[in-house]
Amino acid sequence: CLNLIALAAQVSGNTVGAAFAGAFPSLSANGSSCPNFATCLDILDAGRDADYDGAMGFLTIDAAGLTTSAVFDVFAVDPDTGRDVHDSYLTIGDV
């Protein structure tokens, strides 16, 4: 969700979390879908609303700051190599 944080800071013109957190809902629903920072920024620069959906394609945050729909990768550590490995997906809400 680092892209969403960066977009919120960009839109709000502020790098303080409490100041830009209010931008999350408007950046995660009801706009033109975008999968990364650059594409979302192009949409915003064109005067349109961006809907950041992330790498997995779904992300919605409500006005209270709660994630209402998302798909996240879950990783584990391989005990033999010590490397991160994909373990499963975590789905929240209707996606």
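In short, a report on the structure. (Residues numbered from 1 in each chain as written. Predicted model: local features only at pLDDT ≥ 70, side-chain atom pairs only at ≥ 80, totals over all residues. Heavy atoms only, no water.)

**Notes on the pairing of strand β4 (residues 67–77)**
- Here strand β3 (residues 59–61) runs beside β4; their pairing, made up of three bridges, is antiparallel. The residue bridging I61 from the neighbouring strand is T67, located in β4.
- Hairpin connection, β3 to β4: the antiparallel pair is bridged by five residues, and G65 has positive phi, about 85 degrees.
- Strand direction decides the pairing type here: β4 and strand β5 (residues 84–92), joined by eight bridges, are antiparallel. Bridge pairing links V77 to D84 in β5.
- Between β4 and β5, which pair antiparallel in sequence order, lie six residues; one of them, G82, sits at a positive phi of approximately 75 degrees. (Pairing = 2+ DSSP bridges. Helix = DSSP H or I, 4+ residues; strand = E, 2+ residues; numbered from the N terminus.)

**A look at helix α1 (residues 2–12)**
- Every buried residue belonging to α1 is among L4, L7, A8 and A9, and all of these are buried.
- Following α1 by one or two positions, G13 adopts a phi angle in the positive range, close to 70 degrees. (Buried < 20%, exposed > 50% of the residue type's maximum accessible area, 1.4 Å probe, protein only.)

**Focus: the nonpolar core**
- If you look at the biggest cluster of nonpolar residues, it comprises 16 residues, and the most contacted ones within it are L4, A8, F24, L27, C40, Y52 and L59.
- Secondary-structure elements contributing two or more residues to this core are α1, α3 (24–27), α4 (37–45), β2 (50–52) and β3.
- In terms of residue count, α1 provides more of this core than any other element does, four residues in total.
- If we skip the residues at most four places from it in the chain, C40 touches L7, C34, A50 and Y52. (Core = buried A, V, L, I, M, F, W, Y, C linked by side-chain atoms within 4.5 Å. Contact = heavy atoms within 4.5 Å.)

**Remarks on unusual backbone geometry**
- Of note, the phi angle at N30 is positive, near 60 degrees, even though the residue is not glycine.
- Inspection of the secondary structure assignment puts N30 in the loop between α3 and β1 (32–34).

**Some details on the sheet that holds β3**
- The antiparallel open sheet is built from three strands, whose spatial order is β3-β4-β5. Lying at the two open borders of the sheet, with one neighbouring strand each, are β3 and β5. Between one strand axis and the next, the sheet turns by 40 degrees as a mean value, whatever way the strands run. (Axes fitted to C-alpha atoms, helices over the stretch in contact; angles between N-to-C directions.)

**Re the side chain of D53**
- With respect to the helices, strands and loops of the structure, D53 is situated in the loop between β2 and β3.
- Of the side chains with opposite charge, R48 lies nearest to the buried D53, which makes no salt bridge, at 12 Å.
- Of the polar contacts made by the side chain of D53, one reaches the side chain of S33; its length is 2.7 Å.
- Those residues in contact with D53 that sit more than four places away from it in its chain are S33, C34, F58 and L59. (Lys, Arg positive; Asp, Glu negative; His and termini not counted. Salt bridge = Lys/Arg side-chain N within 4 Å of Asp/Glu carboxyl O. Polar contact = N/O pair within 3.5 Å; in protein donor to acceptor, adjacent residues only side chain to side chain.)

**As for α4**
- Buried within α4 we find C40, L41 and I43. With its buried residues spanning 160 degrees around the axis, α4 presents them on a single face. The exposed residues of α4 that point more than 90 degrees off its buried face are D42 and D45.
- You can read the cap of α4 off the contacts: a side-chain oxygen lies 3.3 Å from the backbone nitrogen of A38, and it is on N36.
- A positive backbone phi angle near 85 degrees is found at G47, which sits one or two residues after α4. (Arc of directions from axis to C-beta.)

Purely geometric numbers; function is a separate question.
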